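A closer look at the structure
Letter by letter, the chains look like this.
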Amino acid sequence: MQTLRLMDPIKDSDPDKQSIFSHEDVLKTFLHNKKLLFIFDNVEQIPEIGSFISDLLQSAREIKIMVTSRTLLHLYGEYEFDVPPLTICASDHEAHQDTFEQFAAIRLFIERAEAVNPAFHMTRENAVTISRICTRLDGLPLAIELAAARSKVLPLTKILQWLTSGMGQNFLSTSAHNTLQSHQTLQATLNWSYELLSPQYQALFRRYGVFVGGWTLEAARLLSCLTLREAPLPA
C-alpha cells in the first residue's frame, strides 16, 4: 500500500534545488502508469474541476475517473449516466406482500424502518400505505430513509398524512451524527441545492415555481426571457 501525503508544500528532493512542486504535479507523478479508479463526489461545487480532471487523465492515461455531479463536465470521452429514482408502484393494487420485492423504493423503506424498529414488518394491512408514502416521495432514497426513520414513533398513516399535507420538508429529518448536515433534513438538502445556483439561476428557479403540474416549452422560454432582461444568465 502506498500513501500520498498532500498536506505540506512539496520541495525538490535535490538539496541544491529550491523548486516547490504543486500538489497537482505530485499527484500526476504518483498516478503515472498506475491503473486506478478515482471517485469524485459532488464536483459541481468545485471550480475548474473539469480542467483538473482533464489534465489528470492526460498525464495518467491508465486511470479511470467516476464523477457524481448535477452537471456534465463537458469533457471528450465523458459518459453520462443518469441515476433514476427508485422504482415505485404504479397503483395501489400492486402493493402487497407477494410483489413488494419488485419495487426498490418499498424495499428501502422496509429496510430502514426495520433498522430503527426491529418489530416493524410489512403486512397486508400496511402495504398500500407504505407504497403511497414511497410514491409521494417520488422514489427518492434520502426522503424515503428519513420517512422510514419516523415509523419508530409515528403510525404509517400519520406519516402519509403529514406528507400529503405539504409538511414533509421539515418533518423529514434525522438525528444521526454521521450524516452530512445537508442530508439531515429534506429542507436542508433543498436549501443546499438551491445555494449552489448562481443568483440569476436562483431567480429563474423561483419563477418556475408558478407552474403547477409541469409546463410547456414556450411558457418556460417566456419566463426565461423575462429573467434574462433583468440579469443575463451565466454561460
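Calculation rules
- Residues numbered from 1 in each chain as written.
- Predicted model: local features only at pLDDT ≥ 70, side-chain atom pairs only at ≥ 80, totals over all residues.
- Heavy atoms only, no water.
- Helix = DSSP H or I, 4+ residues; strand = E, 2+ residues; numbered from the N terminus.
- Buried < 20%, exposed > 50% of the residue type's maximum accessible area, 1.4 Å probe, protein only.
- Contact = heavy atoms within 4.5 Å.
- Polar contact = N/O pair within 3.5 Å; in protein donor to acceptor, adjacent residues only side chain to side chain.
- Phe/Tyr/Trp six-rings, centres within 6.5 Å; stacked < 30°, edge-to-face > 60°.
- Lys NZ or Arg CZ within 6 Å of the ring centre and 35° of its normal.

Naming follows an unreviewed UniProt entry, where the protein chain appears as NB-ARC domain-containing protein of Dictyobacter vulcani.

1. Here's the deal with unusual backbone geometry
Positive phi, normally seen in glycine, also occurs at N33, with a value near 65 degrees. Examined against the element boundaries, N33 turns out to sit in the loop between α1 (23-31) and β3 (37-40). Of note, the phi angle at D138 is positive, near 60 degrees, even though the residue is not glycine.

2. Some details on the environment of P141
On the secondary structure map, P141 appears in helix α5 (residues 141-150). On the accessibility criterion, P141 (36% relative accessible area) is partly exposed. C-alpha of P141 to C-alpha of A105: the two residues are 36 residues apart in sequence and 7.2 Å apart in space. Excluding residues that lie within four positions of it along the chain, P141 makes contacts with L86 and L108.

3. As for the side chain of N126
Secondary-structure assignment places N126 in the loop between α3 (104-116) and α4 (127-136). We classify N126 as buried; its relative accessible area is 14%. Within the local environment of N126, its side chain forms a polar contact with the backbone oxygen of H121, the two atoms lying 3.0 Å apart. At 2.7 Å, the side chain of N126 forms a polar contact with the backbone nitrogen of T123. Residues in contact with N126, not counting those within four places in the same chain, are H121 and L156.

4. Looking at the packing of aromatic side chains
Counted under the stated rule, the structure contains 6 aromatic pairs. Each ring, one from Y208 and one from W215, has its centre 5.2 Å from the other, and the planes form 20 degrees; the classification is stacked. Here the basic side chain of K34 rests over the ring of F30, its NZ or CZ set 4.5 Å away from the ring centre.

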